Amino acid sequence: EDAKNRCPNSMVVFAVSRNTYQKGRISNEELMKRIKNINDHGYMVVVFDSGFFYDNYLAVSKRFSGKTHIALGADSFNRLIKCYENDEYSSLEEDHLWYILENYKKDKIKKEKECFEHNFGNAHFIVYGRRQEIVTGNIEASYEYVDFDVDISSTKIRELMESGNSEEANKLTGKAE
């Protein structure tokens, strides 16, 4: 809801990846639970199989014009930045970045900046965290950090919602009425 309020006149779509780089693949049962939970709250879901953020972002950005606002957790954002610092690209990214990768082999800082700008220059990130540090290093990402004072993981909230205990989940997230 917060991201929807921050980006009025935008279409809100949840992206769920079955396979997340450095985290692994979720089961079909878990995938269906996540989709149902999001749909039950009135949102559309797009499911991706690629474990790489760029591959999924590219699929979405090709279908919509204008700036893309991406809401994600601080851990995911930091993991995305870390991939660029460590030269961890999907094969699709490597195909799209070959010129930059080839021309900036000897200038790691310039390479990180150019690759990220090339891939996400038309994106604005809304990063949600629990008093977490955001480390962008040499990368100049367009983002805003939203600190929410909830010391519980999204996995725990999801488990409570799926078990039918939405009242408890709402209490933990400060949305209890």
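As the structure is a prediction and not an experimental result, all values here were calculated from the model. (Residues numbered from 1 in each chain as written. Predicted model: local features only at pLDDT ≥ 70, side-chain atom pairs only at ≥ 80, totals over all residues. Heavy atoms only, no water.)

(A) Layout of the nonpolar core. The biggest cluster of nonpolar side chains holds 24 residues, and the ones touching the most others in it are Phe-77, Tyr-84, Cys-115, Phe-116, Phe-120, Phe-125 and Val-127. Broken down by secondary-structure element, the contributors of at least two residues to this core are α3 (53-61), β5 (68-73), α4 (74-85), α5 (91-103), α6 (108-120) and β6 (123-129). Looking at this core, the element that brings in the most residues is α4, giving 6 residues. If we skip the residues at most four places from it in the chain, Phe-120 touches Phe-53, Tyr-54, Tyr-57, Leu-80, Tyr-84 and Phe-125. (Core = buried A, V, L, I, M, F, W, Y, C linked by side-chain atoms within 4.5 Å. Buried < 20%, exposed > 50% of the residue type's maximum accessible area, 1.4 Å probe, protein only. Helix = DSSP H or I, 4+ residues; strand = E, 2+ residues; numbered from the N terminus. Contact = heavy atoms within 4.5 Å.)

(B) Expanded view of the packing of aromatic side chains. Across all of its chains, the model carries 14 aromatic pairs by this definition. Their ring planes at 50 degrees and their centres at 5.9 Å tell us that Phe-53 and Phe-120 sit as a pair that is tilted. Of the two residues, Phe-53 sits in helix α3 while Phe-120 sits in helix α6, which places them 67 residues apart along the sequence. Note on Phe-53: relative accessible area 28%, which makes it partly exposed. For Phe-120, a relative accessible area of 3% puts it in the buried group. Clustering of aromatic rings is evident, with ring pairs tying together Phe-53, Tyr-54, Tyr-57, Phe-77, Tyr-84, Tyr-89, Phe-116, Phe-120, Phe-125 and Tyr-143. (Phe/Tyr/Trp six-rings, centres within 6.5 Å; stacked < 30°, edge-to-face > 60°.)

(C) Broad picture of the state of the cysteines. One pass over the structure, following the stated rule, counts 0 disulfides. For the unlinked cysteine Cys-83, the closest cysteine sulfur is that of Cys-115, found at 12 Å. (Disulfide = S-S within 2.5 Å.)

(D) Representation of the sheet that holds β6. On the basis of which strands lie adjacent, the open sheet formed by 3 strands has the order β5-β6-β7 and parallel pairing. Each end of this open sheet is capped by a strand with a single partner; those strands are β5 and β7 (143-147). Direction aside, the axes of adjacent strands within the sheet are offset by 20 degrees on average. Of the pairings in the sheet, the one linking β6 to β7 comprises 5 bridges and is parallel in character. Pairing of Gly-129 across the sheet is with Asp-147, part of β7. Lying over the sheet, α4 contacts β5, β6 and β7, oriented at roughly 110 degrees with respect to β5. (Pairing = 2+ DSSP bridges. Axes fitted to C-alpha atoms, helices over the stretch in contact; angles between N-to-C directions.)

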